[in-house]
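# Summary of the model geometry
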Amino acid sequence: MNAMADKFFDSIKGKKVTFIGIGTSNLPLIKLFVEKGAKVTACDKKNFEDLGQNGIKAKEYGAELLLGENYLSEIDADIVFRSPGTPFYKDELVALRNKGVVLTSEMEVFFDLCPCRIIAVTGSDGKTTTTTIISEFLKAAGFNVHLGGNIGKPLLPEIESVNDDDCAVVELSSFQLISMRKSPDIAVVTNLAPNHLDIHKDMQEYIDAKRNILLWQVPPCRAVLGYENDITRGMEKDCKGEQVCFTRLHETDRGAFLRESDDMLCYAENGVVTPILPRKEIQLRGLHNVENLLAAC
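Residues numbered from 1 in each chain as written. Predicted model: local features only at pLDDT ≥ 70, side-chain atom pairs only at ≥ 80, totals over all residues. Heavy atoms only, no water.

### Some points on the sheet that holds strand β5 (residues 102–104)
- Strand order in the open sheet made by the five strands is β3-β2-β1-β4-β5, with parallel pairing throughout. Looking along the sheet, the strands with just one partner apiece sit at the ends: β3 (64–67) and β5. Direction aside, neighbouring strands of the sheet carry axes that sit 20 degrees apart on average.
- Looking at chain direction, strand β2 (residues 39–44) and β3 are connected through four bridges and run parallel. Bridging across to β3, Thr 41 finds its partner in Glu 64. (Pairing = 2+ DSSP bridges. Helix = DSSP H or I, 4+ residues; strand = E, 2+ residues; numbered from the N terminus. Axes fitted to C-alpha atoms, helices over the stretch in contact; angles between N-to-C directions.)

This is the structure we're talking about:
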């Protein structure tokens, strides 16, 4: 049993809860919150016909629908779950926050309620592959792994079954991170380059969003940073606990690297270098996947 989850779901009974976006990832959340006794509204810019089966399912689950161009300005709620693709500083959302509406997201609530260790990965490239490799490492080691976040599946619907000795492995986008005020136990930042600047107001906002994966860590914690990327390497100053790196172009005494002498992936810690895998045995093609594997290691 997860006492924190029980307390949270008790607290939302009878509350007006709105979900922005009626996409595949929000449907399990809509269903869950209706079942927990919330008065759920699902809103979307699309009309009912364009939503297709998603709109039909949302209605079947018991949600009221709020659709059309002005859907954000018509929200009446106690709690609003922002979809990752909705800009955090959008005027209508700022107005809701100013009115005292709780504006949150699925990942924020999951982080608040999760009783087990959380490993999270972000970056401009490689985060999905790295997240997947980490989850497979942990499964092979015998852990019960909860894989989700930006990788496709919402984790909040299974929060009541998450145990203390499980592991949660999540991929986090800048859109998810921008409003988060909790960081994972282990944070991985693969690399950073200009991305999503059609939604972020500038590159600095994008970088600052990514930094949230580190800024709220509480020791004991670990940060894993890509050494070859100037921006991620510069995030060392944001680390709150143990800091290691991964690199395929240099050797390091604190992290994972590709050893030039024998083309071996290695891990260095406390003065001991442990060979992991010859590069020729990696089945994923491309140098970028060497880096993804080093990050996961």
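### Topic: the pairing of strand β12 (residues 255–259)
- Most of β12 is tucked away, with five of its five residues classed as buried.
- Side chains of β12 alternate between two faces, with Gly 255, Phe 257 and Arg 259 and Ala 256 and Leu 258 buried alike.
- Here strand β11 (residues 242–247) pairs with β12 via three bridges, running parallel. Looking at the pairing, Thr 247 lines up with Phe 257 of β12.
- Bridge count between β12 and strand β13 (residues 264–269): five bridges; the pairing is antiparallel. Looking at β13, one finds that Arg 259 is bridged to Met 264.
- Counting the residues in the hairpin turn of β12 and β13 gives four residues, including Asp 263, whose phi is positive at 55 degrees. (Buried < 20%, exposed > 50% of the residue type's maximum accessible area, 1.4 Å probe, protein only.)

### Here we look at the nonpolar core
- Residues Phe 33, Phe 110, Leu 156, Ile 159 and Leu 172 are the most contacted members of the largest nonpolar core, which totals 49 residues.
- Residues contacting Leu 172, with those up to four places away along its chain left out, are Met 107, Phe 111, Ala 120, Val 121, Thr 122, Lys 127, Asn 150, Leu 177, Met 180, Lys 210 and Ile 213. (Core = buried A, V, L, I, M, F, W, Y, C linked by side-chain atoms within 4.5 Å. Contact = heavy atoms within 4.5 Å.)

### Brief notes about the state of the cysteines
- As enumerated under the stated definition, the model contains zero disulfides in all.
- Here Cys 239 is not cross-linked by a disulfide; its sulfur's nearest cysteine counterpart is in Cys 221, at 8.1 Å.
- Between Cys 297, a cysteine without a disulfide, and Cys 266, which holds the nearest cysteine sulfur, the sulfur-to-sulfur distance is 9.9 Å. (Disulfide = S-S within 2.5 Å.)

### Looking at the layout of surface pockets
- Considered as a void within the structure, the largest pocket measures approximately 400 Å³ in volume.
- If you list the elements that add at least two residues to the lining of the largest pocket, you get β1 (16–20) and α6 (106–113).
- Here the residues of the lining of the largest pocket sort into eight nonpolar, 12 polar and three charged. (1 Å grid on protein atoms, 1.4 Å probe; cavity = no way out; pocket = protein on both sides within 12 Å on 5 of 7 lines; lining within 4 Å. Points joined across faces, edges and corners; volume = space filled by probe spheres on them. Nonpolar A, V, L, I, M, F, W, Y, C, P; charged D, E, K, R; others polar.)

### Digging into the sheet that holds strand β7 (residues 145–149)
- What the nine strands build is an open sheet, ordered β7-β8-β6-β9-β10-β11-β12-β13-β14; its pairing is mixed. Two strands bound the open sheet, and with one partner strand each, they are β7 and β14 (272–278). The average undirected angle you get between the axes of adjacent strands in this sheet is 20 degrees.
- When strand β6 (residues 117–122) meets strand β9 (residues 186–189), the two strands line up parallel, connected through four bridges. Each bridged residue has a counterpart across the sheet, and for Thr 122 the counterpart in β9 is Val 189.
- Against the sheet, α6 contacts β6, β7 and β8 (167–171), and its axis sits at roughly 160 degrees relative to β8.

### Looking at the side chain of Thr 104
- As for its position among the elements, Thr 104 is in strand β5.
- Taking relative accessible area as the criterion, Thr 104 reaches 10% and is therefore assigned buried.
- Among residues more than four places away in sequence, those in contact with Thr 104 are Ile 79, Val 80, Phe 81, Arg 82 and Val 109.

### Details of the pairing of β1
- Here β1 lies mainly inside the structure; four of its five residues are buried.
- Pairing of β1 with β2, which is carried by five bridges, proceeds in the parallel orientation. What sits directly across from Lys 16, in β2, is Lys 39.
- Handedness of the β1-helix α2 (residues 27–35)-β2 crossover: right-handed.
- As judged from the three bridges shared by β1 and strand β4 (residues 79–81), these two strands associate in the parallel manner. Opposite Phe 19, over in β4, you have Phe 81 as the bridge partner. (Right-handed = clockwise from strand over helix to strand, strands pointing away.)

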